[in-house]
Amino acid sequence: MAAHLTHVALFARDVAATVDFYRDFAGLHIVHDRVDDGVRVVWMSERPDDPDFVIVVIAVAPGDAGLPPRFAHFGYDLPSRTAVDAIAARGHDAGVLVRGPSDAGPIVGYFCMLRDPDGNLVEFSHGQPINPKAVARIADR
């Protein structure tokens, strides 16, 4: 199984300020911008087209100091839903499964969530495109 790191999700009290920071200091580009249930979600990448990796900025205040943010996570892409199921089963057996496999529909895809030894969340997904062209095709359906 070859997992490919596709994104890191961060929480931000002020999405516009966070976007400006990463634009100004890291030269990142917005490649996707949407609102889910009233929460703004912005994807940023080094390349404006065909990104391999994105930073996901979510308009939710970070958690209290000393605690992992509520859903900040590393995101890995897997080659199939079967591979997601296999990772989830291994995570369950190891006692680190946080969320079993579920299909969150277009854009998010099929995923499970594990917790690493330090409490950080790690998402393993299939069918979660980060290329803005692919996301636009899904959103237009």
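Look up a bit, the structure's there.
No experiment lies behind these values; they were computed from the predicted model shown.

What follows is about the overall build of the protein. Looking only at helices and strands, one finds three helices and eight strands in the protein. For the protein, the N- to C-terminal ordering of α and β elements is β-α-β-β-β-β-α-β-β-β-α. Residues counted as buried form 39% of the 141 residues belonging to the protein. Accessible surface, the protein as shown: approximately 7,900 Å² in total, 54% of it carbon and sulfur.

As for its placement among the helices and strands, Q128 is situated in the loop between strand 8 (121–126) and helix 3 (132–139). Judged by its relative accessible area of 11%, Q128 falls in the buried class. Among the polar contacts listed, one links the side chain of Q128 to the side chain of E123, at a separation of 2.9 Å. In contact with Q128, not counting residues within four places along its chain, are H7, I107, V108 and E123.

Let's shift gears to the layout of surface pockets. Taken as a whole, the largest pocket spans an internal volume of roughly 390 Å³. Considering the residues around the largest pocket, the lining is formed by 19 residues, among which R34, D36, I58, F71 and V108 are closest to the centre. Counting only elements with at least two residues in the lining of the largest pocket, the list comes to strand 1 (4–11), strand 2 (29–36), strand 3 (39–45) and strand 4 (54–58). Residue classes in the lining of the largest pocket are distributed as twelve nonpolar, three polar and four charged.

This brings us to the packing of aromatic side chains. Here the structure, examined in full by the defined rule, presents two aromatic pairs. Centroid distance F21 to Y22: 5.1 Å. Interplanar angle 85°. Geometry classified as edge-to-face. Residue F21 is classed as partly exposed on the basis of its relative accessible area of 43%. By relative accessible area, Y22 is classed as partly exposed at 22%. For the ring pair Y76 and F124, a centre distance of 5.6 Å and an interplane angle of 15° mean the geometry is stacked. Of the two residues, Y76 is situated in strand 5 (residues 73–77) and F124 in strand 8; the sequence distance between them amounts to 48 residues. We classify Y76 as partly exposed; its relative accessible area is 25%. Owing to a relative accessible area of 11%, F124 belongs among the buried residues under this scheme. Looking at R81, its charged tip hangs above the ring of Y110, at a distance of 3.8 Å from the centre.

To continue, consider the environment of P51. When you line up the elements, P51 lands in the loop between strand 3 and strand 4. For P51, a relative accessible area of 7% gives the class buried.

Reading guide: rules and limits
- Residues numbered from 1 in each chain as written.
- Predicted model: local features only at pLDDT ≥ 70, side-chain atom pairs only at ≥ 80, totals over all residues.
- Heavy atoms only, no water.
- Helix = DSSP H or I, 4+ residues; strand = E, 2+ residues; numbered from the N terminus.
- Buried < 20%, exposed > 50% of the residue type's maximum accessible area, 1.4 Å probe, protein only.
- Areas by Shrake-Rupley, 256 points an atom, 1.4 Å probe, with all protein chains shown as cover.
- Polar contact = N/O pair within 3.5 Å; in protein donor to acceptor, adjacent residues only side chain to side chain.
- Contact = heavy atoms within 4.5 Å.
- 1 Å grid on protein atoms, 1.4 Å probe; cavity = no way out; pocket = protein on both sides within 12 Å on 5 of 7 lines; lining within 4 Å.
- Points joined across faces, edges and corners; volume = space filled by probe spheres on them.
- Nonpolar A, V, L, I, M, F, W, Y, C, P; charged D, E, K, R; others polar.
- Phe/Tyr/Trp six-rings, centres within 6.5 Å; stacked < 30°, edge-to-face > 60°.
- Lys NZ or Arg CZ within 6 Å of the ring centre and 35° of its normal.

What is shown is where atoms sit, not what they do.
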